[in-house]
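Below, each chain spelled out in residue letters.
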Amino acid sequence: METLPRRHHVNGDRSLARGAQVIEFDNVSKSFWTGKTRKVILDQASFRVDIGNSLGILAPNGAGKTTIINMMAGLEKPDEGIVTRTSRISFPLGFMGGVVSKHTATENSRYIARLYGLDPDYVESFCRWLCGIEEYFDMPIGTYSQGMRARFSFSLMLALEFDIYLIDEGMPSTTDVEFNRKAGKILRERLQNATVVVVSHQAQTLEKFCKQAAVLRHGQVYMFDTLEEAKRLYDYETQG
C-alpha cells in the first residue's frame, strides 16, 4: 500500500486570495521580433480563467501557447495591458526556473519548499518518493537525463499546493510507467479541488482535463462553453 508523505505548512498564509480567484488578461498585447518580421501572439486580448472552470486552449504549433502559459505564471510580462493573478498559480509543468543545476534534488526541493512556506522535510520526502530515481536524488540535477529532470519537475509541482495548475503540451514528458501511474493518480485527486489550464494543438489532450475550451486565433483568445464548439472553429482554421 502506497503512503504519501504527510504535508506540513510552516510560515506563510496558505489561504491566499480566497475572494474572486482568477487569472485575467485585460487588453494584453505580446509580440516577438523574429529577425525578419514581428510575430504577434496576443493583440489587445481579454479573457479570464475562474477557479473551478478548467480551461483548454487550442492553438497550432508556433502560435504562442508556451508564451501564454508563461504569462499566466508571471514568467513573461505583456508588452501592453494587464495580467491579474489572484490565485495560487503553479509554474508550468516542466519549467525548471529556480532550480539550480549544480545542486542536488535534495537541496533544490528543500530550497523551493522554504520559498513556498512548506516544511522542507515534507517536500523532500514527497519528491524523493514520487521521483523514484534512487541515489540520483542526491546527485546534481545537471547530471540528469531529460526524463529524470521532467520527473523531478513534475514531482516538485505536485509537492506544492496551487489553485491553478498550468500544463503546456510542449513541456518534457516521461516514459516511466510507474512514475506516470503515481503522478497521474495524485494529479487527478488534486484537480478535484483545483483548476487546470492546458494548452495544446490537439483536442484529444484537452479532453483529459477540460470541458471549457478556447481557441488562440489571430492574436485573440476566443472562449467557448464546450470543447466541441472550440473544435469546430479550430478545425475550420487549421484545415480550411
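These remarks concern the structure in this document. Note that residues are indexed from 1 along each chain, following the sequence as it is written. Given that the model is predicted, a residue must reach a pLDDT of at least 70 before its local features are reported, and side-chain atom pairs must reach 80 or more before they are shown or counted; all residues, however, enter totals for whole chains, interfaces and linings. To obtain the side-chain values, all non-hydrogen atoms of the structure were included, while hydrogens and water were left out.

**Some points on the overall build of the chain**
1) Next: Of regular secondary structure, the chain possesses seven helices and eight strands.
2) Next: For every residue, the accessible area (1.4 Å probe, protein chains only) is compared with the maximum for its type, and the residue is labelled buried under 20%, exposed over 50%, or partly exposed between those bounds. When the 240 residues of the chain are sorted by exposure, 47% land in the buried category.
3) Next: Once local pairs closer than 6 in sequence are excluded, the contacts in the chain between residues at least 24 apart make up 70%.
4) Next: For accessible areas, the Shrake-Rupley method is used with a probe of radius 1.4 Å. Any residue's cover is judged against the shown protein chains and nothing else. Roughly 12300 Å² of accessible area belongs to the chain as shown, and the carbon and sulfur atoms make up 49% of that amount. Per the convention used, a helix needs a DSSP run of H or I reaching at least four residues, while a strand needs a run of E reaching at least two, with both numbered from the N terminus. Contact definition: two residues touch when any of their heavy atoms are within 4.5 Å.

**Concerning the pattern of salt bridges**
1) Next: Salt bridge, as applied in this entry: a Lys or Arg side-chain nitrogen positioned within 4 Å of an Asp or Glu carboxyl oxygen. Tallied over the full model, the rule gives twelve salt bridges.
2) Next: Of the charged contacts, one joins arginine 48 and aspartate 50 as a salt bridge, the two residues approaching to 2.7 Å between their closest N and O atoms.
3) Next: Sharing partners across several salt bridges, the network here consists of Arg110, Asp121, Glu124, Arg128 and Asp138.

**Looking at the nonpolar core**
1) Next: Within the largest apolar cluster, 45 residues are counted, with the highest numbers of intra-cluster contacts made by Leu58, Val123, Phe152, Phe154, Leu156 and Leu158.
2) Next: Ranked by residues supplied to this core, first place goes to helix 4 (residues 146–159) with seven residues. Think of a nonpolar core as a cluster: buried Ala, Val, Leu, Ile, Met, Phe, Trp, Tyr and Cys residues, connected wherever their side-chain atoms sit within 4.5 Å.

**Overview of the sheet that holds strand 4 (residues 80–85)**
1) Next: Ordered by their spatial adjacency, three strands build an open sheet running 2-1-4, and the pairing between neighbours is antiparallel. The open sheet has two free edges, formed respectively by strand 2 (38–50) and strand 4, since each of these has just one partner strand. If you compare each strand with its neighbour and ignore which way they point, the axes differ by 25° on average.
2) Next: Bridging between strand 1 (residues 22–33) and strand 4 involves five bridges; their strand directions are antiparallel. The residue bridging isoleucine 23 from the neighbouring strand is arginine 85, located in strand 4.
3) Next: A fitted line through C-alpha atoms represents every axis, and for helices the fit uses only the stretch in contact; the resulting angles, taken between N-to-C directions, go from 0 to 180 degrees. Sheet contacts for helix 1 (residues 65–73): strand 1, strand 2 and strand 4; angle to strand 1, the most-contacted strand, approximately 130°. When DSSP finds two or more bridges between a pair of strands, those strands are recorded as paired.

**Focus on the layout of surface pockets**
Which parts of space are left empty comes out when a probe the size of a water molecule is rolled across the atoms.
1) Next: Grid spacing is 1 Å over the protein atoms alone, the probe is 1.4 Å, and a cavity is where that probe fits but cannot get out, while a pocket is an open set with protein on both sides within 12 Å along at least five of seven lines and lining residues have an atom within 4 Å of a point. Grid points are joined across faces, edges and corners, and a volume is the space filled by probe spheres set on the points. Taken as a whole, the second largest pocket spans an internal volume of roughly 240 Å³.
2) Next: Considering the residues around the second largest pocket, the lining is formed by 15 residues, among which Pro60, Ala63, Leu216, Arg217 and His218 are closest to the centre.
3) Next: Counting residues per element, the ones that place at least two in the lining of the second largest pocket are strand 2, strand 7 (212–217) and helix 7 (227–239).
4) Next: Of the residues that constitute the lining of the second largest pocket, the class distribution is seven nonpolar, five polar and three charged. Gly is put with the polar residues, along with every residue not named as nonpolar or charged; the nonpolar set is Ala, Val, Leu, Ile, Met, Phe, Trp, Tyr, Cys and Pro, and the charged set is Asp, Glu, Lys and Arg.

**Details of unusual backbone geometry**
1) Next: In this structure, asparagine 27 is a non-glycine residue whose phi angle is positive, near 50°.
2) Next: Positive phi is not limited to glycine here, since histidine 218 has a value of about 50°.
3) Next: Among the secondary structure elements, histidine 218 is positioned in the loop between strand 7 and strand 8 (220–224).
4) Next: Among the residues examined, histidine 218 registers a relative accessible area of 65% and is labelled exposed.

**Some details on the pairing of strand 3 (residues 55–58)**
As a general feature of sheets, a regular strand has side chains that alternate between the two faces.
1) Next: Side chains of strand 3 alternate between two faces, with Leu55 and Ile57 and Gly56 and Leu58 buried alike.
2) Next: Of the pairings in the sheet, the one linking strand 3 to strand 6 (residues 195–200) comprises four bridges and is parallel in character. Bridging from a neighbouring strand, leucine 55 pairs with valine 197 of strand 6.

**Re the packing of aromatic side chains**
1) Next: The aromatic pairing rule takes the rings of Phe, Tyr and Trp, using the six-membered ring of Trp, and pairs them if the centres are within 6.5 Å, calling planes under 30 degrees apart stacked, those over 60 edge-to-face and the rest tilted. Scanning all chains against the criterion turns up eight aromatic pairs.
2) Next: For the pair tyrosine 122 and phenylalanine 126, a centre-to-centre distance of 5.8 Å together with 45° between the ring planes defines the contact as tilted. You can see tyrosine 122 and its partner phenylalanine 126 sitting in helix 3 (residues 120–131), four residues apart, about one turn around the helix.
3) Next: With relative accessibility at 1%, the residue phenylalanine 126 sits in the buried group.
4) Next: Summarising the aromatic geometry, the rings of phenylalanine 154 and phenylalanine 179 are spaced 6.0 Å apart at their centres and angled 65° between planes, so their arrangement reads as edge-to-face. Note that phenylalanine 154 is positioned in helix 4 and phenylalanine 179 in helix 5 (residues 177–190), a separation of 25 residues in sequence.
5) Next: For phenylalanine 179, a relative accessible area of 1% corresponds to the buried category.
6) Next: Site record: aromatic cluster; members linked through ring pairs are Phe91, Tyr116, Phe162 and Tyr165.
7) Next: Two limits define a charge over a ring: the Lys NZ or Arg CZ must be within 6 Å of the ring centre, and within 35 degrees of the ring normal. Across the ring face of tryptophan 129, the terminal group of lysine 182 is positioned such that the distance to the ring centre comes to 4.5 Å.

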